[in-house]
Amino acid sequence: MIVFLLLLCLANGVVSQIRYSVPEEGEHGTFIGNIAEDLSLDLTKLAARRFQTVPSSRTPYLEVNLETGVLYVNEKIDRERICKQSATCLLHLEVFLENPLELFRIEIEVLDINDNPPEFPETDITVEISESATPGTRFPLETAFDPDVGSNALRTYDITTNNYFYLDVQTQTDGNKFAELVLEKPLDREQQAVHRYVLTAVDGGQPPRTGTALLVVKVLDSNDNVPVFDQPVYSVSLAENAPVGTLVIQLNATDVDEGMNGEVVYSFSNHISSRVKELFDIDPRTGRIEVRGDVDFEESSLYQIYVQAKDMGPNAVPAHCKVLVQVTDLNDNAPEITFSTVTESVSENATPGTVIALLSVTDKDSEENGQTHVEILGEVPFKLKTSFRNYYTIVTDGPLNRESVDTYTVTVVARDKGSPSLATSKSIKLQVSDENDNAPAFTQPIYDVYVTENNVPGAYIHAVNAIDPDIGRNAHLNYSILECDIQGMSVKTYVSINNESGALYALRSFDYEQLKDFSFTVQATDNGIPELSSNATVNVIIVDQNDNAPSVIAPLGKNGTAREPLPRSAEPGYLVARIVAMDGDDGENARLSYSIQRGNENGMFRMDWRTGELRTARRVSAKRDPQQLYDLLIEVRDHGQPPLSSSASVMVTLVDSVVEGHNGDRSGTAKAKETSLDLTLILIIALGSVSFIFLLAMIVLAVRCQKDKKLNIYNSCLSGDCCFLGCSSCCCGRQARAARKKKKLSKSDIMLVQSAHASAATNAAVSVASASQVPVEESGSFGSLHQSQNYCYQTKHQRAELSYLVDRPRRVNSSAFQEADIVSSKDSGHGDSEQGDSDHDATHRGHTSGADLFSNCTEECKALGHSDRCWMPTFVPTDSRQGADYRSNLHVPGMDSVPDTERGKGYASSFRVDIPETA
């Protein structure tokens, strides 16, 4: 046995080829070759690399020992049955190894042996020859068939030696041989009507094999003319897959004889193959050759049809021609895709170029109809790579990401170049296996967790959550808390976490007053290899509860009771004490309100609920406040839910003076009050200081301005022009309360002088010398006077007393006249004007009037030492001319007239008269 070894190594080193040859008819176990040794493979690694044959290439005739690599015959090989008459008979086998993938294509050529002798279709061959046949006439004989090929095929024919015939062996274009019987000597039917010879077919084997048949030559009576074909050889083309009945060719043979001797009949020659008879048919009368079976170019591209024509006369001699049928290929076969090996899954971390599958593409058509183009459909991260001839590998062409796409359907399309083009597609499903390439990610980087203080230890407070897009163990997460210290203690003594769910639990009861917030880091770790993790920050904010009652820190006292003094002369609003309390809570829970719960039944005190200042609400009254001690219960309440409160006892003692009080109980709380000054009090003091300085500056400025006015007013009164603007009455001095020692004004102390501007009839002076009392009646003193008469009242001591003129002239509206009767007769009787007295009321009304007509005499009389009101007229002059300058109607005897320039100022002056007490 001859073994041919051909090792082809491609540039990529993926596919190689080995070729062996083995004679047919080998018994089971016949050794063909050792694939492992011929490929220089390590026999010890064949099993580890899964050495195996490609399923699609397996054949029952061959077998490979996968452990030793030996290729042997598994079943007897009959070359004639497998390959028929093909010149070359090949069996194909593919084997491959994994890790890395290596494919080897093995070709086994089945060698022909001379195991078949030539055979004739029939054992007796009869040939009829007319006795009139001339020497040289040829008579084709039926062909013997030898299934062997090559040198073992039919080589020649032989005939028994005789005097009439010899054999001429010819070779067809397809290499087949046939014999023609050639007449060498004329025949004479009368001498010998039948000739018998042995026809022998001999092959080329060693030793040669033969086949024989009995050739019987019958000599017929003479028929002078034979049919004649237009040409000896016809060539036609026929498309494959032509339907049955398709015309192949129309033959025509003519015979010049007449009658039956000229009527031609067509038939296939005896030596054509049986396959031709199956595919084609001939009409004996017309010579029309038609398609009878399925003509397939892939089976045979050329058919030779031998046709004979003979007439119907006796002793007919046939004429022969040959028809060559060239079959044209049609694109009637789609490409075939065969996957040799397929990987079910690929890692998402696979590098580009990783082999996924091995496939082959074949097309039975020829030329362009058999040329194929192979591609992968769609946008997938895979590509085709040509390996060897029609073999391809599918490899990765880019990164894979299972989280984006976990399954790919790879569709391979093979399309030939025929017209129309035919295509075939096959798909494989590929799973992308997960790798731990994604770290867990928390749903938020920072968690703010609010926990109400005084929680139950072990209570659930929150849950953190992380997501891992991986699957399986790569996505199984464990939660943990990273170690850190909170107020010098491990964070794990404060909180814990469920490592499976991420739920957070408080391990202790939190106190807002001790710890308001704290932070720690949680970590989520997957179970992949290697492990991946991520962190998130958890801020725990303790929410305050109203769990602390207010605590009173000032004023301080003994046995829980503070003592505070209160002077009897204290005005309303007097600061008795300031309650200062603290609350350990926060926000609304620490916002405090102060109130008096007990001891203030008579309304002596009021409490500022915001600042805690305890002040007097009124003056101390001997009738309403007979007690010397006030026992006050002060409550301090926060605004929590529910609110909490505490109380403080304050004993307020009435004292005669502030000094006494401060020397007494208030000395103990001085320090506490000093500490209670807050920013609000400081601001009040600052604003008060600024206001005081501003007011003082205004007073100084006003005093300086009024000094000059006093002198002008004084001169005006001396000149008798002291009456008011727009008034028909004169200026008046008030009957006031100077002191208990002073007397009331009498008529003897007053003289009435008519103004120089009045009428001459009334221009007289009245002297009052007696000491009798003059009743002060506002309604009667001036009501009887005529409107045109203006008077001025003057005391005996006017020159000595006029220096006490008032420096603040004021204007009074007309309402002052309407109230003159009331306010002049109403006196408090206490000397100075107080709140509630007539003096005070008139003064108050004067300040609030909108259009003053003359000055408020109350203040002016006070400047002269009296508290009584000035006498005022109860009427208002209607003549505007008389009121143009009130000083023209006022005259003081003994004094110069006021210059005209002073009259236009519109000022009114009043003066105070002091009458010395007489015996």
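Here we summarise the structure given alongside this text. (Residues numbered from 1 in each chain as written. Predicted model: local features only at pLDDT ≥ 70, side-chain atom pairs only at ≥ 80, totals over all residues. Heavy atoms only, no water.)

Here the bond from Ile529 into Pro530 is cis, since omega is -5°, no more than 30 degrees from zero. With omega at 0°, the peptide bond leading from Gln641 into Pro642 counts as cis. Structurally, Pro642 is set in the loop between β50 (629–638) and β51 (645–655). Even without being glycine, Arg50 reaches a positive phi, approximately 55°. Tracing the backbone shows Arg50 in the loop between α1 (35–38) and β3 (52–53). A positive phi angle, near 65°, is found at Asn454, a position not held by glycine. (Helix = DSSP H or I, 4+ residues; strand = E, 2+ residues; numbered from the N terminus.)

Mapping His271 onto the fold places it in the loop between β19 (264–268) and α3 (274–279). Not counting chain neighbours up to four residues away, the residues in contact with His271 comprise Pro140, Leu141, Glu142, Thr143, Gln172 and Tyr306. (Contact = heavy atoms within 4.5 Å.)

In a soluble, globular protein the nonpolar side chains are often hidden away together inside. Ranked by internal contacts, the top residues of the largest apolar core, which has 32 residues, are Phe229, Leu251, Phe280, Ile289, Val307 and Val323. Elements supplying a minimum of two residues to this core: β16 (233–239), β17 (247–250), β19, α3, β20 (280–282), β21 (288–291), β22 (302–311) and β23 (319–328). Once residues within four sequence positions are removed from consideration, Leu251 is found in contact with Phe229, Tyr234, Tyr266, Ile282, Thr286, Gly287, Ile289, Val307, Cys321 and Val323. Counting 28 residues, the second-largest nonpolar core is a separate cluster that includes Phe442, Ile497, Ala506 and Val538. (Core = buried A, V, L, I, M, F, W, Y, C linked by side-chain atoms within 4.5 Å. Buried < 20%, exposed > 50% of the residue type's maximum accessible area, 1.4 Å probe, protein only.)

A separate point is the sheet that holds strand β48 (residues 605–607). Reading across the sheet, the three strands line up as β45-β49-β48 and stay open at both edges, with antiparallel pairing between neighbours. Looking at strand neighbours, the two that pair on one side only are β45 (575–578) and β48, the edges of this open sheet. The mean inter-strand angle of the sheet, taken between neighbouring strand axes irrespective of direction, is 20°. Looking at chain direction, β48 and strand β49 (residues 613–616) are connected through three bridges and run antiparallel. What sits directly across from Met607, in β49, is Leu614. (Pairing = 2+ DSSP bridges. Axes fitted to C-alpha atoms, helices over the stretch in contact; angles between N-to-C directions.)

Scanning all chains against the criterion turns up 21 salt bridges. Notably, a salt bridge pairs Arg49 with Glu102, separated by 2.5 Å at the nearest N-O pair. One end of the pair, Arg49, is in the loop between α1 and β3; the other, Glu102, is in strand β7 (residues 102–111), and 53 residues separate them in sequence. Across the pair, Glu102 and Arg49 agree in class, each one buried. Across the pair Glu263 and Arg285 runs a salt bridge whose closest N-O atoms are separated by 2.4 Å. Remark: Arg285 occurs in the loop between β20 and β21 and Glu263 occurs in the loop between β18 (253–254) and β19; sequence separation between them is 22 residues. (Salt bridge = Lys/Arg side-chain N within 4 Å of Asp/Glu carboxyl O.)

Time to look at the pairing of strand β5 (residues 70–73). Along β5, the buried face is formed by Leu71 and Val73; none of Val70 and Tyr72, which line the opposite face, is buried. Two strands pair when backbone bridges link them, and strand β2 (residues 31–34) and β5 are joined in this way by three bridges, in the antiparallel orientation. Opposite Asn34, over in β5, you have Val70 as the bridge partner. Where strand β4 (residues 62–64) meets β5, three bridges bridge the pair, whose relative direction is antiparallel. Of the residues in β5, the one forming a bridge with Glu63 is Tyr72.

In total, this model carries 13 aromatic pairs according to the counting rule given. The interplanar angle of 70° and the centroid separation of 5.9 Å between the aromatic rings of Phe165 and Tyr197 together place this pair among those described as edge-to-face. Of this pair, Phe165 sits in strand β11 (residues 165–171) while Tyr197 sits in strand β13 (residues 194–203), and the two are 32 residues apart along the sequence. Just as Phe165 is buried, Tyr197 falls in that class too. Taking 5.1 Å as the distance between ring centres and 90° as the angle between the ring planes, the aromatic pair formed by Phe605 and Tyr630 counts as edge-to-face. Taken as a pair, Phe605 in strand β48 and Tyr630 in strand β50 lie far apart in primary sequence, 25 residues in all. Members of the aromatic cluster, each reached through a chain of ring pairs, are Tyr494, Phe510, Phe518 and Phe520. Geometry around Tyr494 places Arg508 over its ring, the cationic atom sitting 3.9 Å from the centre. Sitting over the ring of Tyr512, Lys516 keeps its end group 4.8 Å from the ring centre. (Phe/Tyr/Trp six-rings, centres within 6.5 Å; stacked < 30°, edge-to-face > 60°. Lys NZ or Arg CZ within 6 Å of the ring centre and 35° of its normal.)

The next point concerns the environment of Ser425. Take Ser425: it is sitting in strand β31 (residues 423–433). Those residues within four positions of Ser425 in sequence are excluded, and the remaining contacts are Ile337, Thr411, Val412 and Val413.

This part covers the layout of surface pockets. Counted as a void, the largest pocket has a volume near 1900 Å³. In terms of lining, the largest pocket is formed by 44 residues, of which the most central are Lys84, Gln85, Ser86, Phe145 and Asn176. For the lining of the largest pocket, the secondary structure elements donating two or more residues are α2 (79–83), α3 and β22. A per-class count over the lining of the largest pocket returns 15 nonpolar, 14 polar and 15 charged. (1 Å grid on protein atoms, 1.4 Å probe; cavity = no way out; pocket = protein on both sides within 12 Å on 5 of 7 lines; lining within 4 Å. Points joined across faces, edges and corners; volume = space filled by probe spheres on them. Nonpolar A, V, L, I, M, F, W, Y, C, P; charged D, E, K, R; others polar.)

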